[in-house]
Amino acid sequence: MAGSYRKKKGSDTWHFCSNCSRWPTSDYDETTSYNGTGELCNECKAKRDAGDCK
Ligand SMILES: [Zn+2]
């Protein structure tokens with residue numbers, strides 16, 4: 001879902017591409033307004049840069 005961020009509970013890394021290989025599908029926190037806390041997933045950033053973020 002576009003515009004949402006997910007973070008696995010116990011992790012500090014936020015994912016924002018649902019096609020990320022590490023996109024959490026259970027036991028996660030979700031937000032639509034990333035507030036700068038924690039880190040953004042490098043794989044998600046690479047997908048975004050490549051125009052392949054879904
Ligand atoms: Zn990711």
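Here, every reference points to the structure presented above.
The following paragraphs examine the structure supplied in this document. (Residues numbered from 1 in each chain as written. Predicted model: local features only at pLDDT ≥ 70, side-chain atom pairs only at ≥ 80, totals over all residues. Heavy atoms only, no water.)

1. Points about the coordination of the zinc ion
The condition that has to hold: Donors, by definition, are the N, O and S atoms found within 2.8 Å of a metal, the threshold being 3.2 Å for Na, K and Ca, and water is not counted, so a site can look incomplete. For the exposure calls, accessible area comes from a 1.4 Å probe over protein chains only, and a residue counts as buried if that area is under 20% of its type's maximum, exposed if over 50%, partly exposed in between.
Protein ligation of the zinc ion involves His15 (ND1), Cys20 (SG), Cys41 (SG) and Cys44 (SG), the donor distances falling in the range 2.1 to 2.4 Å. For the zinc ion, all donor residues lie on one chain, and their spacing in sequence is H-x4-C-x20-C-x2-C. Comparing His15 with Cys20 shows no difference in burial state: the two are buried.

2. Thoughts on the nonpolar core
The test is simple: Residues grouped as a nonpolar core are buried Ala, Val, Leu, Ile, Met, Phe, Trp, Tyr and Cys residues, joined through side-chain atoms within 4.5 Å. Residue contacts are counted whenever heavy atoms from the two residues lie within 4.5 Å of one another.
In this structure, Phe16, Cys17, Cys20, Trp23, Cys41 and Cys44 together form the largest nonpolar core, which totals 6 residues. Among residues more than four places away in sequence, those in contact with Cys17 are Trp23, Cys44, Lys47, Cys53 and Lys54.

3. Here we look at the side chain of Ser4
For clarity, the cut-off: Going along the chain from the N terminus, every DSSP run of H or I of four or more residues is numbered as a helix, and every run of E of two or more is numbered as a strand.
The topology assignment puts Ser4 in the segment before strand S1 (5-8). Classification of Ser4 as buried rests on a relative accessible area of 1%. Look past the residues within four positions of Ser4 in its chain and what remains in contact with it is His15, Phe16, Trp23, Glu30, Thr31 and Thr32.

4. Concerning the side chain of His15
In this structure, His15 sits in strand S2 (residues 13-15). Setting aside residues no more than four positions away along its own chain, His15 makes contact with Ser4, Tyr5, Arg6, Cys20, Arg22, Trp23, Pro24, Cys41 and Cys44.

5. Some details on the environment of Ser21
Cut-off, in case you're wondering: Here a polar contact is taken to be a pair of N or O atoms separated by no more than 3.5 Å, where protein atoms must pair a possible hydrogen donor with a possible acceptor and residues adjacent in sequence count only if both atoms sit in side chains.
Note that Ser21 resides in the loop between S2 and strand S3 (28-31). Residues Ser21 and Cys44, spaced 23 residues apart in sequence, show a C-alpha to C-alpha distance of 9.0 Å. Within the local environment of Ser21, its side chain forms a polar contact with the side chain of Glu43, the two groups lying 2.9 Å apart.

6. So, the pattern of salt bridges
Under the convention used in this document: The term salt bridge refers to a pairing of a side-chain nitrogen on Lys or Arg with a carboxyl oxygen on Asp or Glu at a separation within 4 Å.
Following the criterion strictly, the structure yields 5 salt bridges and no others. In this structure, the salt-bridge partner of Glu30 is Arg6, at a minimum N-O distance of 2.9 Å. Linking Glu30 in strand S3 with Arg6 in strand S1, this pair joins segments that are 24 residues apart in sequence. Here Asp52 ties to Lys54 by a salt bridge, and the two come within 3.3 Å at their closest N and O atoms. Salt bridges sharing partners connect three or more residues here, namely Lys7, Lys9 and Asp29.

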